[in-house]
Amino acid sequence: MKDGNGKLNKSSMMMGVLACAALSIPTTVVIFLALLVIGKIVFSMSLIFYDSMIVDITTDDRVDEVFSKGYAWGGYIGSCVPFIISLLIILKADYIGISTYVATSIAFILNGLWWFIVTIPLVKNYKQIHYVERSNNTILGSIKRLSHIFKEIKNNRKVFIFLISFFFYIDGVYTIIEMATSYGKDVGITDNSMLMALLLTQVVAFPFSIFFGKLSKKFKVKDLISMCIAAYFLIALFALQLDTAIEFWILATFVGVFQGAIQALSRSYYSKIIPKEKSSEYFGIYDVFGKGASFVGTMIMGLSTQIFESSKAGVVGIAVMFVLGFILFRVQGKSEIELEAEYV
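Parameters and conventions
- As a convention, each chain's residues are numbered from 1 in the sequence order in which they are written.
- Only residues with pLDDT of at least 70 get local features here, since the model is predicted, and only at 80 or more are side-chain atom pairs given and counted; chain-wide, interface and lining totals rely on the full set of residues.
- To get the side-chain values, all heavy atoms of the structure are used, and hydrogens and water are removed first.
- Numbering of helices and strands runs from the N terminus; a helix is a DSSP stretch of H or I covering at least four residues, while a strand is a stretch of E covering at least two.
- Relative accessible area decides the class of each residue, using a 1.4 Å probe on protein chains only: under 20% of the type maximum gives buried, over 50% gives exposed, and in between gives partly exposed.
- Every accessible area reported is derived by Shrake-Rupley at a probe size of 1.4 Å, with residue values counting cover from the shown protein chains alone.
- What is meant by a nonpolar core is a set of buried Ala, Val, Leu, Ile, Met, Phe, Trp, Tyr and Cys residues, joined one to another through side-chain atoms within 4.5 Å.
- Any two residues whose heavy atoms approach within 4.5 Å are treated as being in contact.
- Stacked, edge-to-face and tilted labels apply to pairs of Phe, Tyr and Trp rings (six-membered ring for Trp) whose centres lie within 6.5 Å, assigned for plane angles under 30 degrees, over 60, and everything in between, in that order.
- Salt bridge, as used here, is a side-chain nitrogen of Lys or Arg placed within 4 Å of a carboxyl oxygen of Asp or Glu.
- Per residue, pLDDT measures the predictor's confidence, with a range of 0 to 100.
- Inter-axis angles, ranging from 0 to 180 degrees, are taken between N-to-C directions of lines fitted to C-alpha atoms, where helices are fitted over the stretch in contact.
- An angle below 35 degrees is treated as roughly parallel, one above 145 as roughly antiparallel, one from 65 to 115 as roughly perpendicular, and anything else as oblique.
- Note on convention: near helix rotated counterclockwise from far helix by under a right angle means a left-handed crossing. Clockwise means right-handed.
- Amino acids are sorted into nonpolar (Ala, Val, Leu, Ile, Met, Phe, Trp, Tyr, Cys and Pro), charged (Asp, Glu, Lys and Arg) and polar (every other residue, Gly among them).
- In this scheme, a helix's expected span is set at 1.5 Å multiplied by one less than its residue total.
- To get the bend at any residue, fit one axis to the seven residues that end at it and another to the seven that begin at it, then take the angle between the two axes.
- Contacts described as polar in this section are N or O atom pairs within 3.5 Å, which, within protein, must combine one atom able to donate a hydrogen with one able to accept it, while residues neighboring in sequence count only if both atoms come from side chains.

1. Description of the overall build of the chain
And then number 1: Across its full length, the chain holds 14 helices and zero strands.
And then number 2: In sequence order, the secondary structure elements of the chain are arranged as α-α-α-α-α-α-α-α-α-α-α-α-α-α.
And then number 3: For the chain, the residues scored as buried account for 45% of the 344 residues in total.
And then number 4: Taken as a whole, the chain presents about 17,800 Å² of accessible surface, with 71% of it coming from carbon and sulfur.

What follows is the structure, given as structure tokens:
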């Protein structure tokens, strides 16, 4: 849809900024959770447009490196700046002369402002190139268009199997990101150790995201993604015997090595196998598969912890997800000729 990305992305960005800043206001848990859900929804919505913009700002031969640099500078260094400032404000609240509650409120407002300020250059300079002319702008028309996209994906073997494989392996990645602190507590790691380890992950992820972007010029992206999936499987196995702060730090380091790479390269790989003029719709479906995986992985961890009274059982389930994702990814990456040769 012409110019749709720019307008919708501005709207989702502003709603996200306001929701983030508004988290400093609530005095009840219910209101806080409601704002948190709204902020999470619009943040996820904005990611669809950010991802789909890649087809307009670079070419297929540079997309792997551009996505990797974006994750490195924006995703890791960019996120570390407000995180560290917020952390200092909260930890030094007594020294500054404010309460922890006020310091936390300031941190929420600061992060909202950071989101707004760093988005200004994008809003001013981004121009949508690939698009489908606006025809039917009604809700019914949008539903019909989405239904058509689903049919296209179903008939496109490469895209369809990739999305299924992505669902499985990104399940483990997102679950490890979101459940790391809970798992750390379960095995006896202190809050300070976990906090510093998570910061270490961000720092390590920065150079390795750039490194994998450069590797994409010498090696097939399919092989690099496969290596990242295999590495995450080994990380999950390592987590099974984790019981000290040092091991948690080692785990955080290796997660940092592959975290940015697998996310950036998966997006760049996907952008090269979809119709560029339909990038918004296709990345919307991509994000649904990613967020759905995150929900499933968290559910597996939660249920396993309740049933077996240990989150390590959930880690086994996550490891299986990586295996399934790896197998499916390798299958979809093969050409029809290669597949036929295997069955002859």
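Past the structure itself, the notes keep going.
2. Let's talk about the nonpolar core
And then number 1: With 51 residues, the main nonpolar core has F162, Y169, F212 and Y270 as its most contacted residues.
And then number 2: Listed by contribution, the elements that provide at least two residues to this core are α7 (139-155), α8 (157-186), α9 (191-215), α10 (221-239), α11 (245-273), α12 (279-308) and α13 (312-332).
And then number 3: Per element, the largest residue contribution to this core is 12 residues, and it comes from α11.
And then number 4: If sequence neighbours within four positions are ignored, F162 has contacts with Y169, S266, Y269, Y270, I273, Y286, F329 and Q332.

3. A look at the packing of aromatic side chains
And then number 1: Tallied over the entire structure, the rule returns 20 aromatic pairs.
And then number 2: For the pair F283 and Y286, a centre-to-centre distance of 5.5 Å together with 65° between the ring planes defines the contact as edge-to-face. Of this pair, F283 and Y286 both sit in helix α12, three residues apart, which is roughly one turn of the helix. You'll find F283 and Y286 in the same group, each marked buried.

4. Examining the pattern of salt bridges
And then number 1: Taken as a whole and assessed by the stated rule, the structure comprises seven salt bridges.
And then number 2: Its salt-bridge partner being K214, residue E65 comes within 3.7 Å of it at the nearest N-O pair. With E65 in helix α4 (residues 63-91) and K214 in helix α9, the pair connects residues that are 149 residues apart, well separated along the chain.
And then number 3: The partly exposed category is assigned to K214, whose relative accessible area is 46%.
And then number 4: In this structure, the salt-bridge partner of E152 is K278, at a minimum N-O distance of 2.4 Å. Linking E152 in helix α7 with K278 in the loop between α11 and α12, this pair joins segments that are 126 residues apart in sequence.
And then number 5: It is possible to trace a salt-bridge network through shared partners that takes in E65, K69, K214 and K217.

5. Quick notes on the environment of E152
And then number 1: Taking the C-alpha atoms as reference points, E152 and Y282, 130 residues apart in sequence, are found 10.0 Å from one another.
And then number 2: Sequence-distant contacts of E152, defined by excluding residues within four places in its chain, comprise K278 and Y282.

6. Some thoughts on the confidence of the model for the chain
And then number 1: Per-residue pLDDT for the chain averages 80, and the proportion of residues at 70 or more is 85%.
And then number 2: The least confident element of the chain, judged by mean pLDDT, is helix α14 (residues 336-343) at 43; the most confident is α10 at 91.
And then number 3: Between residues 335-344, whose pLDDT stays under 50, and residues either more than four places distant or in other chains, the model counts four contacts.

7. Overview of the environment of F258
And then number 1: Examined against the element boundaries, F258 turns out to sit in helix α11.
And then number 2: The class of F258 is buried, set by a relative accessible area of 13%.
And then number 3: Residues F258 and Y232 lie 26 residues apart in sequence; the distance between their C-alpha atoms is 7.6 Å.

8. Here we look at the side chain of R267
And then number 1: Checked against the element boundaries, R267 lands in helix α11.
And then number 2: Overall, the relative accessible area of 3% leaves R267 in the buried class.
And then number 3: Contact partners of R267, with chain neighbours within four places excluded, come to D51, F67, Y71, Y174, F283 and Y286.

9. Description of the packing of α4 against α11
And then number 1: It is the contact of α4 with α11, at a shortest axis distance of 8 Å, that shows an interaxial angle of 140°. With respect to each other, α4 and α11 are oriented oblique. When you trace α4 past α11, the crossing you get is right-handed. Facing α4, whose interface residues are V63, D64, F67, S68, Y71 and Y76, α11 presents Q259, G260, Q263, A264, L265, R267, S268, Y269, S271 and K272.
And then number 2: Its residues assigned to classes, the contact of α4 with α11 shows seven nonpolar, six polar and three charged.

10. Remarks on α4
And then number 1: Look at α4: 40 Å from first C-alpha to last across 29 residues, which is about the 42 Å you get at 1.5 Å a residue.
And then number 2: The sharpest bend along α4 reaches about 25° and sits at C80, with the proline P82 one to four residues further on.

11. Let's talk about the packing of α10 against α11
And then number 1: Two numbers describe how α10 lies on α11: the axes approach to 9 Å, and their chain directions differ by 150°. Classified by the angle their axes make, α10 and α11 are roughly antiparallel. Helix-helix and strand crossings are classified by hand; for α10 and α11 the assignment is left-handed.
And then number 2: Tallied by class, residues from the contact of α10 with α11 come to 19 nonpolar, two polar and three charged.

12. Let's talk about the environment of E65
And then number 1: On the accessibility criterion, E65 (10% relative accessible area) is buried.
And then number 2: Residues E65 and S268, spaced 203 residues apart in sequence, show a C-alpha to C-alpha distance of 8.6 Å.
And then number 3: If sequence neighbours within four positions are ignored, E65 has contacts with G213, K214, S216 and K217.
And then number 4: One polar contact links E65 to K217, side chain to side chain, over a distance of 2.8 Å.

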